[in-house]
Amino acid sequence: MTVLILADEFDPSADQMVLQLQGRGVPVCRIDTAWFPSRLSVDAQFRDGRWAGPLRTPGRVVELEEIRSVWYRSPTAFRFPAELNGAERHHAFMEAKFGLGGVLSSLPVLWVNHPARVAAAYKPVQLATAARCGLTVPDTVITNEPDAVRRFAAGGTTVTKMLGANHITEESIRKITFTRIVHEEDLADLRGVDVSLHQFQRWVPKAHEARIVAIGKQLFGFAIHARSCRAQVDFRADYNSLDYEPFDVPPELAAGIGRFLAAFGLVYGAFDFVVGPAGHVFLECNPGGQYGWLEAHTGTPVTAALADLLARGATS
Amino acid sequence: MSMTFADGPLASDSEQFGLARSRDAHPSDEPPSPLGVRPWGLREMIPGTVEGRVLPAFTYCHTQQVAVDALGRPLVLTGAADPTANSVTNGDGDEGRSEDWTYDFVPDNPQPV
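Residues numbered from 1 in each chain as written. Chains lettered and ligands numbered in written order. Predicted model: local features only at pLDDT ≥ 70, side-chain atom pairs only at ≥ 80, totals over all residues.

Undergrad: Can you walk me through the overall build of chain B in this structure?
TA: What chain B contains, in helices and strands, is one helix and three strands. In chain B, the order of α-helices and β-strands from amino to carboxyl end is β-β-β-α. When burial is assessed residue by residue, chain B has 34% of its 113 residues classed as buried. Relative to all contacts within chain B whose residues are 6 or more apart in sequence, the contacts with residues 24 or more apart total 54%. (Helix = DSSP H or I, 4+ residues; strand = E, 2+ residues; numbered from the N terminus. Buried ≥ 20, exposed ≤ 12 C-beta atoms within 10 Å, placed from the backbone. Contact = placed C-beta atoms within 7 Å.)

Dropping the structure here:
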């Protein structure tokens with residue numbers, strides 16, 4: 001029985017996992033969906049109530065019915081011949097997505113995580129779910145009304161952050177932004193707030209931040225200490241100023257995280273919290289969040305724990 | 001664990017098997033919209049700066065199933081793919097592999113690729 005890893009060709013965490021599983025003698029097949037159709041072919045037949053048949057890559061053939069678990073890491077988009085016109089390309093893309101994505105998604109095996117579960121984890125849904133699960137969440141407003149922004153900001157120090165990706169590409173340049181404090185000069189000119197929805201949150205006084213990596217029922221806590229002003233607001237803004245320290249997750253917090261995972265049907269999650277006078281305040285859970293750099297800094301065996309789960313093929 | 005698609009109405013059919021940006025996707029060269037048209041949240045967007053290491057040249061080895069250097073050695077064993085390397089804001093306009101080293105990724109590309 002094989003562990004299927006769906007990942008980009010360049011992914012150090014996936015590399016580590018392949019080596020970890022191979023070292024244990026666990027069959028592993030790594031596929032990037034970008035190989036379809038030139039380097040990945042599919043012969044899936046529906047029989048006996050499930051999809052069966054081979055996925056063929058240049059280095060492996062894996063039978064769908066031989067897969068024990070799937071690590072849905074971050075596979076990249078299909079690549080089609082350049083000669084296709086735009087409509088043809090879109091058609092081919094969607095047929096491949098519904099076909100290959102549908103066949104794989106139907107496999108009755110352990111998924112870390114099932115892609116449909118990942119897709120459901122929109123940030124506002126996360127906040128509502130976290131609160132229902134007993135986690136503390138920050139006061140938040142999502143609006144495209146400038147007056148609502150001013151009203152909320154009048155209540156105390158406010159930050160703004162993206163609901164989705166924090167980067168775009170325009171002018172052929174990759175641009176990025178982080179969580180930032182909303183200042184008076186920001187409030188003086190809110191043109192463009194009405195163009196789309198924006199998220200604002202009350203600043204949560206913090207001693208430090210924490211990422212808690214959940215793997216099945218195991219939790220790995222990492223305190224993230226910032227030594228610069230930029231990183232104090234958003235640790236992603238200045239990785240060079242960060243120190244990391246493993247910590248044991250308090251039982252009550254662990255219970256809330258467990259309820260959150262169950263609510264979304266997730267078996268893996270990278271949770272970010274602010275830690276301060278209010279305790280652990282939930283910011284978000286990334287169902288595909290990274291852990292490699294935390295493992296490298298602290299020596300915490302996260303890859304091994306995830307390999308245990310994938311090799312076992314069950315969540316308990 | 002349920003094997004059906006999530007029943008939440010938010011995720012589109014396409015997103016339910018999300019795929020990351022294609023390696024050969026062309027970066028948009030469109031300029032920013034004028035003030036007032038551009039979403040307010042994008043005002044503080046800045047070009048990513050190279051604060052960390054340049055990602056290494058590599059090829060993917062289908063036999064070993066990992067990224068390898070020119071000598072066929074796995075990058076994670078040579079230290080060339082150190083996950084502590086900070087390239088999250090690597091935005092030199094080349095796109096390169098920086099997006100693959102962001103610490104959080106977007107699980108889907110909303111545009112047809």
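Undergrad: Hey, could you run me through the overall build of chain A in this one?
TA: Across its full length, chain A holds 10 helices and 20 strands. Taking 2.2 N^0.38 as the reference for a compact globule, 316 residues should give roughly 20 Å; the C-alpha atoms of chain A span a radius of gyration of 22 Å, in line with that estimate. Principal axes of the C-alpha set define a box for chain A whose edges measure 60 × 50 × 35 Å. Each of the 316 residues in chain A was classed as buried or not, and the buried ones make up 44%. A separation of at least 24 residues holds for 67% of the contacts in chain A among residues at least 6 apart in sequence. (Rg over C-alpha atoms; globule rule 2.2 N^0.38 Å.)

Undergrad: Would you take a moment to explain the packing of helix α1 (residues 12-23) of chain A against helix α10 (residues 302-312) of chain A for this structure?
TA: The angle between the axes and the distance between the axes are what describe a pair of packed helices. All names here are of chain A. In the contact formed by α1 and α10, the axes pass within 10 Å of each other and the chain directions differ by 60 degrees. Relative to α10, the element α1 lies oblique. In this structure, α1 crosses over α10, and the sense of that crossing is right-handed. Where α1 abuts α10, its residues Q16, M17, Q20 and L21 lie against T303, A304, L306, A307 and A311. Taken together, the residues of the contact of α1 with α10 sort by class into six nonpolar, three polar and no charged. (Axes fitted to C-alpha atoms, helices over the stretch in contact; angles between N-to-C directions. Parallel < 35°, antiparallel > 145°, perpendicular 65-115°, else oblique. Left-handed = near helix turned anticlockwise from the far one by under 90°. Nonpolar A, V, L, I, M, F, W, Y, C, P; charged D, E, K, R; others polar.)

Undergrad: Is there a simple way to think about the nonpolar core in this case?
TA: Soluble globular proteins tend to bury their nonpolar side chains together. A:I5, A:V70, A:W71, A:V112 and A:I212 are the most contacted members of the largest nonpolar core, which has 88 residues in total. Among the domains, domain 1 (2-108) and domain 3 (206-312) of chain A are the pair contributing at least three residues each to this core. Once residues within four sequence positions are removed from consideration, A:V112 is found in contact with A:S69, A:W71, A:Y72, A:V267, A:Y268, A:L309 and A:L310. Counting residues in hydrophobic clusters, the runner-up holds five residues, among them A:V149, A:V193, A:F200 and B:W40. (Core = buried A, V, L, I, M, F, W, Y, C linked by C-beta atoms within 7 Å. Domains from an automatic or database assignment.)

Undergrad: Quick question: what am I supposed to make of α10(A) here?
TA: Residues and elements named next belong to chain A. Of all the positions in α10, only V302, L306, A307, L309 and L310 are classed as buried. Axial view of α10: buried residues confined to an arc of 160 degrees, hence all on one face. Backbone geometry just after α10 places G313 at a positive phi near 75 degrees. (Arc of directions from axis to C-beta.)

Undergrad: Would you mind showing me how to read the sheet that holds strand β1 (residues 46-47) of chain B here?
TA: Pairing between the strands of a sheet comes from backbone hydrogen bonds, and it takes one of two forms, parallel or antiparallel. Spatially, β12(A)-β13(A)-β1(B) is the arrangement adopted by the three strands of the open sheet, whose pairing is antiparallel. The sheet is open, and its two borders are formed by β12 (167-170) of chain A together with β1 of chain B, each paired with just one other strand. Here β12(A) runs beside strand β13 (residues 173-176) of chain A; their pairing, made up of four bridges, is antiparallel. Looking at β13(A), one finds that A:E170 is bridged to A:I173. (Pairing = 2+ DSSP bridges.)

Undergrad: Would you mind going over the domain arrangement of chain A with me for this structure?
TA: It is common to give the size of an interface as the accessible area that goes away when the parts come together. Parsing chain A into structural domains produces domain 1 (2-108), domain 2 (139-202) and domain 3 (206-312). Distance between the C-alpha centres of domain 1 of chain A and domain 2 of chain A: 38 Å.

Undergrad: Looking at this structure, how should I read the confidence of the model for chain B?
TA: Residue and element names in this part refer to chain B. Mean pLDDT for chain B: 64, with 44% of residues reaching 70 or above. Per-element averaging of pLDDT across chain B places β1 at the bottom with 84 and strand β2 (residues 59-61) at the top with 95. For the stretch residues 1-7, pLDDT sits under 50, and the model shows 12 contacts to residues farther than four places along the chain or on other chains. Below a pLDDT of 50 lies the segment residues 85-113, which in the model reaches 79 contacts outside its immediate sequence neighbourhood of four places, other chains included. With a pTM of 0.88, the predicted complex shows an ipTM of 0.89. (pLDDT = per-residue confidence, 0-100.)

Undergrad: Help me out: how do you make sense of the environment of A:E245 in this one?
TA: Residues and elements named next belong to chain A. By the element assignment, E245 lies in strand β18 (residues 242-247). Spatially, the C-alpha atoms of E245 and A210 are 9.2 Å apart, while their sequence positions differ by 35 residues. Among residues more than four places away in sequence, those in contact with E245 are A223 and H225.

Undergrad: Could you clarify how one ought to interpret the environment of A:L253 in this entry?
TA: When you line up the elements, A:L253 lands in helix α8 (residues 251-264). Considered as a pair, A:L253 and A:G279 are 26 residues apart in the sequence and their alpha carbons are 9.7 Å apart.

Undergrad: So what exactly am I meant to see when it comes to the environment of B:A70 here?
TA: Inspection of the secondary structure assignment puts B:A70 in the loop between β3 (66-68) and α1 (75-78). Separated by 23 residues in the primary sequence, B:A70 and B:P47 have C-alpha atoms spaced 31 Å apart.

Undergrad: Sorry, what's going on with the sheet that holds strand β17 (residues 218-226) of chain A here?
TA: Residues and elements named next belong to chain A. Read from one edge to the other, the open sheet built from five strands follows the order β18-β17-β16-β19-β20, with strand pairing classed as antiparallel. Each edge of the open sheet carries a strand with a single partner, namely β18 and β20 (279-286). Taken pair by pair, the neighbouring strands of this sheet meet at an average axis angle of 25 degrees, ignoring direction. Examined bridge by bridge, strand β16 (residues 208-215) and strand β19 (residues 268-276) share eight bridges and lie antiparallel to one another. Each residue of the ladder has a partner; that of V213, found in β19, is A270. Across the sheet, α8 lies against β16, β17, β19 and β20, angled at about 55 degrees from β16, the strand it touches most.

Undergrad: Please clarify how the pairing of β16(A) should be interpreted in this entry.
TA: Each regular strand shows side chains that alternate between the opposite faces of the sheet. Residue and element names in this part refer to chain A. Here β16 lies mainly inside the structure; seven of its eight residues are buried. Note: β16 against β17, seven bridges, orientation antiparallel. Bridge assignment links A210 to a residue of β17, and that residue is A223. Here β16 hands over to β17 after two residues, with G216 in that stretch at a positive phi of 60 degrees.

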